[in-house]
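Fold and geometry: a report
Now for the letters of each chain:
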2 protein chains.
Amino acid sequence: MTNQSKMKVYQEVLNQIRQFIEEQELKDGDRLPSERELSEQLNASRASIREALRAIELLGLIETRHGEGTFLRTYKPYHSVELLSTFVLREVKTKGELLEVKFLLEQVCLNQLFADEQWDYSQVEDILFESNDIHTDLFLRLFEAYGNRLLLKIWHLVTGFVETVDPKEVNQVQYEELLKLISQRQYNQALDHHASLYEKQCS
Amino acid sequence: MTNQSKMKVYQEVLNQIRQFIEEQELKDGDRLPSERELSEQLNASRASIREALRAIELLGLIETRHGEGTFLRTYKPYHSVELLSTFVLREVKTKGELLEVKFLLEQVCLNQLFADEQWDYSQVEDILFESNDIHTDLFLRLFEAYGNRLLLKIWHLVTGFVETVDPKEVNQVQYEELLKLISQRQYNQALDHHASLYEKQCS
DNA sequence: ATTTCGAAAATGGTCTGACCACTAATCGAA
DNA sequence: TTCGATTAGTGGTCAGACCATTTTCGAAAT
């Protein structure tokens, strides 16, 4: 490494990798150079390269496949998120906080959609009742409909965390009701109904 | 390692370390066993131990001091912000998206506080006008007052992102106005005022 | 010419042992 | 007792080896 400062090698590697990704405009699913290639190109030992890669992996930014390579990761909930959560939960202890944030994010999404006259509810209406996880799939669509990808990403992340600590039990009927309220544009009642879905758990 | 499943060694090590921390009831500032000790105790190579430690370090959960050891430290969400941002921003193309999320999070915080009859505004009122970054410090306090640490962390994360792309210019006077509205419990106007702070930029 | 299958190459996963750099504890001399 | 140098302990880094898995590719069979 051109270890100019006293920064650790693996930190430098981290920066180099980030830079590489930006320059090459790599996207999710694209493959990174092999560990041995990176080792040569960045002039660092393979051990240091791996330390950097393991760190980014735990953050959920890359995915490594034995015998294949290292790939920028398409987001998959509960992969390494589980490990992450066991540590972070040391701080954010209460399950309630997690659920509350998830709830609030969803509420924001609903509020924003309801405030939009142009919103086409039909995007959500169809198919939905073949899902194994109605809640997640429903809000996945709602967040997509709203269109803010960062908000979606944050919600997705939080949802991933929640699933590691909270085996949920969904009641299909309640979501039929929620959808009905939305389709009838009874937005206030829909918001109340959404809140009621969380009331039991958040305490 | 008792590598029963196909889980990677460094992930097992991660779990073991977490378990160790819980069992020993280690607190912030306490020292972890040395890498060589962990290597023996967990029956894994030092390289694998280090991969695990580097990962937790990047998360900001531990701190390593050359020649001294590895220590637990208070979780600092900003630690990996810079790295994370460059990855997340790959997908978040528009600055507007970023600002919108920041705004929405703050709005949620205000709404929740305003809805709380018990909320003691005086926690926020004081000192504030000596700050270099009024907006950040104000909402830092507001989020702290609300008390959901996860929400605070997310907001902090997003705020960190924003600062990497948006050199802000704050107008002190506007925040005096905002605080006045809050202290007078003119909540709707306060919300409008908060929104107006973003209107120019979000487009 | 096409298909099939196995060897070889590429890649990640892990370990060992070495050496350096820094820190703190130790011990001996003033 | 005090001060300073030695020493032991610890993280930082490296080189090289071997294994497990996946892909590649060419030779053999069809």
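Our structure is the block above this text.
Per-chain numbering applies: the sequence of each chain, read as written, is numbered from 1 onward. As they are written, the chains are lettered A onward and the ligands numbered 1 onward, keeping that order. Local features in a predicted model are, by the rule used here, given only for residues with pLDDT of at least 70; side-chain atom pairs are given and counted only at 80 or more, and totals for whole chains, interfaces and linings are based on all residues. Computation of side-chain values: all heavy atoms of the structure, hydrogens and water removed.

Looking at the protein's contact with DNA strand C
Near, as used in this document, describes a residue that has one of its heavy atoms within 4 Å of the molecule or strand being considered. What surrounds DNA strand C is a group of 25 residues, the closest being Glu-35 and Arg-46 of chain A together with Val-9, Ser-48 and His-66 of chain B. Definition of a polar contact: a pair of N or O atoms within 3.5 Å, with one able to donate and the other able to accept a hydrogen when the atoms are protein atoms, and with sequence-neighbouring residues admitted only if both atoms are side-chain atoms. Arg-46 of chain A places a side-chain nitrogen or oxygen 2.7 Å from a base nitrogen of DNA strand C. One of the side-chain N or O atoms of Thr-70 of chain A is found 3.3 Å from a phosphate oxygen in DNA strand C. Elements with a contribution of two residues or more to the surface near DNA strand C: helix H2 (35-41), helix H3 (46-59), strand S2 (62-65) and strand S3 (69-72) of chain A together with helix H3 (46-59) of chain B. Residue classes in the surface near DNA strand C are distributed as two nonpolar, 10 polar and 13 charged. The numbering of helices and of strands both runs from the N terminus, where a helix is a DSSP run of H or I of at least 4 residues and a strand a run of E of at least 2. Under this grouping Gly is polar, as are all residues other than the nonpolar Ala, Val, Leu, Ile, Met, Phe, Trp, Tyr, Cys and Pro and the charged Asp, Glu, Lys and Arg.

Some remarks on the pattern of salt bridges
Residues and elements named next belong to chain B. Any Lys or Arg side-chain nitrogen located within 4 Å of an Asp or Glu carboxyl oxygen qualifies as a salt bridge. Throughout the structure, instances matching the rule amount to 25 salt bridges over all chains. One salt bridge connects Glu-35 with Arg-46, and the closest N-O pair in it is separated by 2.9 Å. Of this pair, Glu-35 sits in helix H2 (residues 35-41) while Arg-46 sits in helix H3, placing them 11 residues apart in sequence. Residue exposure (1.4 Å probe, protein chains only): buried if accessible area is under 20% of the type maximum, exposed if over 50%, otherwise partly exposed. When its relative accessible area of 12% is taken as the criterion, Glu-35 is described as buried.

Focus on the sheet that holds strand S1 (residues 31-32) of chain A
Residue and element names in this part refer to chain A. Pairs of strands are assigned from DSSP output, requiring at least two bridges between the strands. Strand order in the open sheet formed by three strands is S1-S3-S2, and the pairing between neighbours is antiparallel. Both outer strands of the open sheet, S1 and S2, are each paired with one neighbouring strand and no more. Looking at chain direction, S1 and S3 are connected through two bridges and run antiparallel. Among the inter-strand pairings, Leu-32 is bridged to a residue of S3, identified as Thr-70. Sheet contacts for H3: S2 and S3; angle to S2, the most-contacted strand, approximately 115°. Should any heavy atoms of two residues lie within 4.5 Å, those residues are counted as being in contact. Note on geometry: axes are C-alpha line fits, over the in-contact stretch for helices, and angles between N-to-C directions span 0 to 180 degrees.

Brief notes about the protein's contact with DNA strand D
As a matter of local geometry, DNA strand D sits amid 24 residues, with Val-9, Ser-48 and His-66 of chain A together with Glu-35 and Arg-46 of chain B nearest to it. The sugar and phosphate moieties of DNA strand D supply 58% of its atoms located within 4 Å of the protein. Within the side chain of Arg-46 of chain B, a nitrogen or oxygen atom sits 2.7 Å from a base nitrogen of DNA strand D. Broken down by secondary-structure element, the contributors of at least two residues to the surface near DNA strand D are H3 of chain A together with H2, H3, strand S1 (62-65) and strand S2 (69-72) of chain B. Considering only residue class, the surface near DNA strand D consists of one nonpolar, 10 polar and 13 charged.

Remarks on the pairing of S2 of chain B
Residues and elements named next belong to chain B. Here S2 shows a buried face lined by Gly-69 and Phe-71 and a second buried face lined by Thr-70 and Leu-72. Bridge count for S1 against S2 is four bridges, and the pairing is antiparallel. Looking at S2, one finds that Glu-63 is bridged to Phe-71. What sits between the antiparallel neighbours S1 and S2 is a turn of three residues, in which Gly-67 has the positive phi angle 85°.

Structural notes on helix H9 (residues 172-183) of chain B
Working rule for helices: expected span equals 1.5 Å times residues minus one. Relative to the 16 Å expected for 12 residues at 1.5 Å per residue, H9 of chain B spans 17 Å between its end C-alpha atoms, a close match to the ideal helical length. Looking one or two places after H9 of chain B, you find Arg-185 of chain B, whose phi comes out positive at around 60°.

Considering the packing of aromatic side chains
Working definition: a ring pair exists when centres of Phe, Tyr or Trp rings (six-membered ring for Trp) sit within 6.5 Å. Plane angles under 30 degrees give stacked, over 60 give edge-to-face, the rest tilted. Tallied over the entire structure, the rule returns 10 aromatic pairs over all chains. Ring centres 4.9 Å apart and planes at 25° place the aromatic pair Phe-143 of chain B and Trp-155 of chain B in the stacked group. Of the two residues, Phe-143 of chain B sits in helix H7 (residues 134-146) while Trp-155 of chain B sits in helix H8 (residues 149-165), which places them 12 residues apart along the sequence. Accessibility assignment for this pair places Phe-143 of chain B and Trp-155 of chain B in one class, buried. Members of the aromatic cluster, each reached through a chain of ring pairs, are Phe-114, Trp-119, Tyr-121 and Tyr-187 of chain A. Two thresholds decide whether a charge sits over a ring: the Lys NZ or Arg CZ must be within 6 Å of the ring centre and within 35 degrees of the ring normal. Positioned above the aromatic ring of Phe-71 of chain A, the side-chain terminus of Arg-65 of chain A is 3.9 Å from the ring centre.

Things to note about the packing of helix H7 (residues 134-146) of chain A against helix H9 (residues 172-183) of chain A
Residue and element names in this part refer to chain A. Where H7 contacts H9, the two axes come as close as 10 Å, and the packing angle between them is 25°. Of the possible angle classes, the one that applies to H7 and H9 is roughly parallel. Contacts between H7 and H9 pair Ile-134, His-135 and Leu-138 from the former with Gln-172, Tyr-175, Leu-178 and Leu-179 from the latter. In the contact of H7 with H9, the residues fall into five nonpolar, two polar and no charged. Roughly parallel refers to an angle under 35 degrees, roughly antiparallel to one over 145, roughly perpendicular to one between 65 and 115, and oblique to any angle outside these ranges.

Considering H7 of chain A
All names here are of chain A. With 13 residues, H7 ought to run about 18 Å at 1.5 Å a step, and its terminal C-alpha atoms sit 18 Å apart, in line with that. When we look at burial in H7, the residues that qualify are Ile-134, His-135, Thr-136, Leu-138, Phe-139, Leu-140, Leu-142, Phe-143 and Tyr-146. Gly-147, located one to two residues past H7, shows a positive phi value of around 95°.

Here we look at unusual backbone geometry
Residue and element names in this part refer to chain A. We note that Glu-25 has phi near 50°; this positive angle belongs to a residue other than glycine. Checked against the element boundaries, Glu-25 lands in the loop between helix H1 (9-24) and S1. Under the relative-accessibility criterion, Glu-25 is labelled exposed at 63%. Here Arg-185, not a glycine, exhibits a phi torsion of approximately 60°, which is positive. With respect to the element layout, Arg-185 can be found in the loop between H9 and helix H10 (187-199). Using a relative accessible area of 51% as the deciding quantity, one classes Arg-185 as exposed.

These results come straight from atomic positions and should not be treated as a statement about function.
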